[in-house]
Protein chains: 2
Amino acid sequence: MESAIDSHLTCPRSISRRVPDDYEPPFPMWVGRADHRIQQVTMAYLGVQSSGAEHRTEALAAVRQIAASLEHADGPAHHDITHHTDNQGYDNFMIVGYWSDPSAFGRWMSSPDVDSWWSSTDRETGPLGYFREIVSPRVDQFETLYAFQEQLPGVGALMNGISGDINEHGYWGSMRERIPLSQNDWMQPRRDESLRVVHGDPAHGGRVVVAGHDNIALIRSGQDWREAGQAERDLYLDEIQPTLQAGMDFLRDNGADVGCYSNRLVQNIDLDGNPVDETYNIGHWRSLEKLERWAESHPTHLRIFTTFFKVATDLDKLRLYHEVSVADGASQLFEYINCHPATGMMRDAVVAATVDA
Amino acid sequence: MESAIDSHLTCPRSISRRVPDDYEPPFPMWVGRADHRIQQVTMAYLGVQSSGAEHRTEALAAVRQIAASLEHADGPAHHDITHHTDNQGYDNFMIVGYWSDPSAFGRWMSSPDVDSWWSSTDRETGPLGYFREIVSPRVDQFETLYAFQEQLPGVGALMNGISGDINEHGYWGSMRERIPLSQNDWMQPRRDESLRVVHGDPAHGGRVVVAGHDNIALIRSGQDWREAGQAERDLYLDEIQPTLQAGMDFLRDNGADVGCYSNRLVQNIDLDGNPVDETYNIGHWRSLEKLERWAESHPTHLRIFTTFFKVATDLDKLRLYHEVSVADGASQLFEYINCHPATGMMRDAVVAATVDA
């Protein structure tokens, strides 16, 4: 049994754990272990938005263009591609890339091909929208949790290894305690901080930039039943998936009331847009605390949680995991081109009064 | 908004809270406030056990005898009377008394009438069993929580007043944080501590004494729908009660696996044995931690919890509450006369090997 917090990130605490020293989790779970030289990562959610089947081909071409741009000396160590339909009826494709060094990401983003593509006025006309939502948490600002030990998805793909059985899971509060920064930091935004539109106007389309704030929390929570046998497929599709969908739809549609800025349950696809048996939810939250409060009190999430408790010990090929990060405001970038105004961070962002208003 | 921990019991912490300083609960709840002169209380569960309708009259006569004995200069400030049928099919009647001073309780228990009744060989013959399960937590060792503000039941009846809206509720871990001792103490039993039979043999009936250990946790969790209108009666009887019964039956029958020594869902009765619309559950746990783990992970309890969250703001006459204490081993007394061997603390108590075994 080891701590979820890697040895080089352990430090004297000013904030105690929630459970006594002799706490024993009810079943084994694992976390990713990264090369100690990794200090900060970049998670880039690169989106293409379209409306209607008639624009699907064009949207997928843009997806392939972005995917091709990742094949670059400073490209990400890992990426995957997803699709979801949002509650405005738009199709959204995302290429999600993971860099083990934000400066490599910076070089990639400012490389001539990538920059000129994003900056081109071509992006501002035509039927497609584009967005990029980027956070760069330090290694003391994120945690992972896997019910399996091989071929880690998401940020886990950057990490060189897997832990042994970890102690910090199986109780409410363990997510926070797996984040190394929690030893001495509450990871709270200031009360007066909120999302702000700092460029453009979501109501008018075009280019919009939203400024985040310290300690926005991002959760990616995944389900992969590609290799599952019939029993686990049934378990997932009959017992977990419907409740998951209900809970994630709730957050998508009512998130503003509970501190969830954006919530998307996405399905992995191949480069031609064909779905594979893998989904994940992407949630952006005002704070880790808001995420905690929702997760531990909403009937849908509690039902998923108790189902997971029941089956965790016997999972074979059904892969369930999550990764959760907080990031400094200065390490966030939320940019939109011609997306509908409820897209991503725009929905809850305050538009500043104009000077002559 | 005030702390659940009364001002005179607040002290510098070595164990931090689970939630940030600016946590705000989702609805109001209240705790009892006691006269600051009260330092320790006694909670005495005084039982009569019988089997079959043919012994009911005799059992109720014993109940009335015990109730009459409480009318004493050193009697309790408050008591109530309950009945439940246990999973061996026995009827159990309990008179539950609350003293605001353990020395008064001690004088009551050793008063000639009470002592000679308990010590009489008459108790050892005949069809009835008797038990007394007594704990005396200090004021820093217990907490209360009420969804109402008047006529506090249980230990609340000893307390002179009610708090304003308190901060420490609405999240897992708040029960622990309402107990003043949690500021600096994990309230854990030692690993090698367990219940022990220190006198007699449960398998042979007669007089048995069980020794507890430090930090056994006792929860009384109550539901009172005596004054409820039709809508709240329906809410309670249709939505809460069946799940509560299922959860409490689980603990009664499977408690040993999760650290619950004894669990009884009891119904209040009058002196003639007629039921009233008030029930409560009495759970004895190896530790507060075991209680926390079960409460925050078991489907039945989570369902009760989410229902409560949904209705809490609108409760009118349906009274829901709990009180939770831990007690030092030296402040516990568990005694049984002619009770079946699965009664109370006997079920999980280790019988020491005899000297010549």
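Our subject is the structure listed above.
Keep in mind that this is a model prediction, so the values were computed, not measured.

Between chain B and chain A, the superposition needs a rotation of 180 degrees and an axial shift of 0.0 Å, giving an RMSD of 0.0 Å. These values place the two chain copies in the arrangement generated by a two-fold rotation axis. The rotation axis passes nearest to the C-alpha of Ser16 of chain B in chain B, at a distance of 2.7 Å. Mapped onto chain A, 100% of the interface residues of chain B are again interface residues, and the two copies thus contact each other with one and the same surface.

All names here are of chain A. Over its 29 residues, helix H5 (residues 230–258) runs only 37 Å from end to end, short of the ideal 42 Å by more than 12%, given 1.5 Å per residue. Along its length, H5 shows its largest kink, about 60 degrees, at Arg252. For H5, every residue scored as buried is listed here: Glu232, Leu235, Tyr236, Ile240, Thr243, Leu244, Gly247, Met248, Leu251 and Gly255. Here the buried face of H5 lies against strand E10 (216–224), strand E11 (260–269), strand E12 (275–285), helix H6 (288–295), helix H7 (299–311) and strand E13 (319–327).

Below, the discussion takes up the nonpolar core. Taken as a class, soluble globular proteins show a tendency for nonpolar side chains to be buried jointly. If you look at the biggest cluster of nonpolar residues, it comprises 81 residues, and the most contacted ones within it are Leu288 of chain A together with Leu288 of chain B. One finds Ala34, Val96, Ala327 and Met345 of chain B within the second-largest nonpolar core, a separate group that totals 38 residues.

Attention shifts here to the interface of chain B and chain A. Counting from both sides, the interface comprises 26 residues of chain B and, opposite them, 27 residues of chain A. Taken together, the two surfaces of chain B and chain A that pack against each other cover about 2400 Å², and 53% of this comes from carbon and sulfur. The largest per-residue losses of area from chain B upon contact with chain A belong to Arg18, Pro20 and Trp186 of chain B, which jointly make up 25% of the total buried on that side. The interface formed by chain B and chain A holds 6 salt bridges in total. Between Glu24 of chain A and Arg191 of chain B there is a salt bridge, with the nearest N and O atoms lying 3.2 Å from each other. Across the chain B-chain A interface, the total number found is 11 residue pairs in polar contact (both at pLDDT 80 or more). Every element with two or more residues in the side of chain B that touches chain A is listed here: helix H6 (288–295) and helix H7 (299–311) of chain B. The leading source of residues in the side of chain B that touches chain A is H7 of chain B, at 5 residues. Looking at the side of chain B that touches chain A residue by residue, the class counts come to 11 nonpolar, 6 polar and 9 charged.

Bringing the environment of Trp172 of chain A into the picture now. Mapped onto the fold, Trp172 of chain A is located in the loop between strand E7 (161–162) and helix H4 (174–178). The exposure class of Trp172 of chain A is buried, given its relative accessible area of 7%. For the pair Trp172 of chain A and Glu296 of chain A, spaced 124 residues apart in sequence, the C-alpha to C-alpha distance is 6.8 Å. Each residue touching Trp172 of chain A, except ones within four places of it in the same chain, is listed here: Arg18, Ala295, Glu296, His301, Leu302 and Phe305 of chain A together with Arg18, Trp172 and Glu296 of chain B. Within the local environment of Trp172 of chain A, its side chain forms a polar contact with the backbone oxygen of Glu296 of chain B, the two atoms lying 3.0 Å apart.

Our next topic: the pairing of E11 of chain A. Residues and elements named next belong to chain A. The element E11 is largely enclosed, with a buried count of 8 among its 10 residues. Pairing of strand E3 (residues 78–85) with E11 involves 2 bridges; the strand directions are antiparallel. What sits directly across from His83, in E11, is Gln267. With 8 bridges connecting them, E11 and E12 associate as antiparallel partners.

Following the criterion strictly, the structure yields 30 aromatic pairs over all chains and no others. Relative to Tyr321 of chain A, the ring of Tyr146 of chain A has its centre 6.1 Å away and its plane inclined at 25 degrees; by these criteria the two rings are stacked. Taken together, the residues span a long stretch of sequence, with Tyr146 of chain A in strand E6 (residues 142–146) and Tyr321 of chain A in strand E13 at a distance of 175 residues. Of the two residues, Tyr146 of chain A and Tyr321 of chain A, both sit in the buried class. On the basis of an interplanar angle of 90 degrees and a centroid distance of 5.2 Å, the ring pair of Phe27 of chain B and Phe309 of chain B is categorised as edge-to-face. Of this pair, Phe27 of chain B sits in the segment before strand E1 (32–33) while Phe309 of chain B sits in helix H7, placing them 282 residues apart in sequence. Residue classification places Phe309 of chain B among the buried positions, given a relative accessible area of 19%. One aromatic cluster is present, built from ring pairs that chain together Phe27, Trp172, Phe305, Phe308 and Phe309 of chain A. Over the face of the ring belonging to Phe148 of chain A we find Arg319 of chain A, whose NZ or CZ atom lies 4.0 Å from the ring centre.

About the cut-offs
Residues numbered from 1 in each chain as written. Chains lettered and ligands numbered in written order. Predicted model: local features only at pLDDT ≥ 70, side-chain atom pairs only at ≥ 80, totals over all residues. Heavy atoms only, no water. Least-squares fit on C-alpha atoms with pLDDT ≥ 70 in both. Contact = heavy atoms within 4.5 Å. Helix = DSSP H or I, 4+ residues; strand = E, 2+ residues; numbered from the N terminus. Expected span 1.5 Å × (residues − 1). Bend = angle between axes of the 7 residues up to and from the residue. Buried < 20%, exposed > 50% of the residue type's maximum accessible area, 1.4 Å probe, protein only. Core = buried A, V, L, I, M, F, W, Y, C linked by side-chain atoms within 4.5 Å. Buried area = accessible area lost by both parts, 1.4 Å probe. Salt bridge = Lys/Arg side-chain N within 4 Å of Asp/Glu carboxyl O. Polar contact = N/O pair within 3.5 Å; in protein donor to acceptor, adjacent residues only side chain to side chain. Nonpolar A, V, L, I, M, F, W, Y, C, P; charged D, E, K, R; others polar. Pairing = 2+ DSSP bridges. Phe/Tyr/Trp six-rings, centres within 6.5 Å; stacked < 30°, edge-to-face > 60°. Lys NZ or Arg CZ within 6 Å of the ring centre and 35° of its normal.

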